[in-house]
2 protein chains.
Amino acid sequence: MFVLGIDPGLSRCGYGCLGGDAASPMVVGAGVLTTPAADPLPSRLAVLAEDLRGLLAEFRPDAVAVERVFFQTNAHTAMSVGQASGLALAAAARAGCEVAQYTPNEVKLAVAGYGAATKDQVQRMVQRMLGLAQAPHPPDVADALALALCHLAVAPRLARIAAAEGGR
Amino acid sequence: MFVLGIDPGLSRCGYGCLGGDAASPMVVGAGVLTTPAADPLPSRLAVLAEDLRGLLAEFRPDAVAVERVFFQTNAHTAMSVGQASGLALAAAARAGCEVAQYTPNEVKLAVAGYGAATKDQVQRMVQRMLGLAQAPHPPDVADALALALCHLAVAPRLARIAAAEGGR
């Protein structure tokens, strides 16, 4: 199963694609999509949408895991993050992928074992779980890989629960 | 000049396309895009994105005016409105349109003459300015038409200011 994790953002949108399963995940590709801060918002969103479509065409993931966005203290940033998440969710659904959203706490719980892990701890856990020589950098990449790891861990459990409920 | 006004929303996204100019605007088309509330969010966003692309292909507007979204008291609604606005802005920029965002206050000021106008007053002013037999309904349609009227009124002023500054 290929899972593409997306940490939505307008200035920096992290992505990380994993293959394999929760026991032996493999990095297929990872990086950051950026848009020029000097460009008008609509152009930046159009570029991001195009780049997201490009990622989906390149990796052809079975599932896409997008960070669930909440309102933050910085209302301006939160709105652009919300707009970026809308593009990611729409592009993933349009590409026919299974789409899941996870809160930052759910991701930290799945990857670091507890929901209050720091960014640094998440980076190191992602590095260890994926057997990487270095911690993924910038943190947006680590967050995207952590989202994909979270989905690899959670999806089989959810499938088992659904199967058990269906068999009642 | 064709101007497409978009009042972004996931359950109801109002749109209104005007031709002509501020002195004699004409309605080219108006309505509401809806997505099924029971469907998963990613699917709804994908459907909305597709419908927005369809509108842009149908009306081929020169400019698109999108309501500038702010955080509201209902955080859940505000996020889906933000996601919908992201799709509208990206689709408009990708279609090569001039894209403008106006706050609700700017629109009310342009259409009703003051920024604290009620929804009802906006509906009646839009009806009068466009010579419609009835007030546009639902309010999402009136808001979208008001956005297009606002752009028709404001765009020539901005162009004159830009020309004057360029000629200095």
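Novice: Give me the sheet that holds strand S3 (residues 25-34) of chain B: which residues, what numbers.
Specialist: Within a sheet, adjacent strands bond to each other through the backbone by hydrogen bonds, running parallel or antiparallel. Residue and element names in this part refer to chain B. Spatial ordering of the open sheet is given by S3-S2-S1-S4-S5, a layout of 5 strands whose pairing is mixed. Looking along the sheet, the strands with just one partner apiece sit at the ends: S3 and strand S5 (98-102). Adjacent strand axes in the sheet meet at a mean angle of 20° when their direction is disregarded. When strand S1 (residues 3-7) meets strand S4 (residues 63-67), the two strands line up parallel, connected through 4 bridges. Bridge pairing links Gly 5 to Ala 65 in S4. Against the sheet, helix H5 (residues 139-166) contacts S1, strand S2 (12-20), S3, S4 and S5, and its axis sits at roughly 40° relative to S2.

Novice: Lay out the pattern of salt bridges in plain terms, naming residues and giving numbers.
Specialist: In the structure shown here, the tally under the stated rule is 10 salt bridges over all chains. A salt bridge links B:Arg124 to B:Asp120; the nearest nitrogen and oxygen atoms lie 3.1 Å apart. Residue B:Arg124 and its partner B:Asp120 are both found in helix H4 (residues 119-129); the two are separated by 4 residues, about one turn of the helix. Beyond isolated ion pairs, a larger network of salt bridges with shared partners links A:Glu50, A:Arg53 and B:Arg94.

Calculation notes
Residues numbered from 1 in each chain as written. Chains lettered and ligands numbered in written order. Predicted model: local features only at pLDDT ≥ 70, side-chain atom pairs only at ≥ 80, totals over all residues. Heavy atoms only, no water. Pairing = 2+ DSSP bridges. Helix = DSSP H or I, 4+ residues; strand = E, 2+ residues; numbered from the N terminus. Axes fitted to C-alpha atoms, helices over the stretch in contact; angles between N-to-C directions. Contact = heavy atoms within 4.5 Å. Salt bridge = Lys/Arg side-chain N within 4 Å of Asp/Glu carboxyl O.

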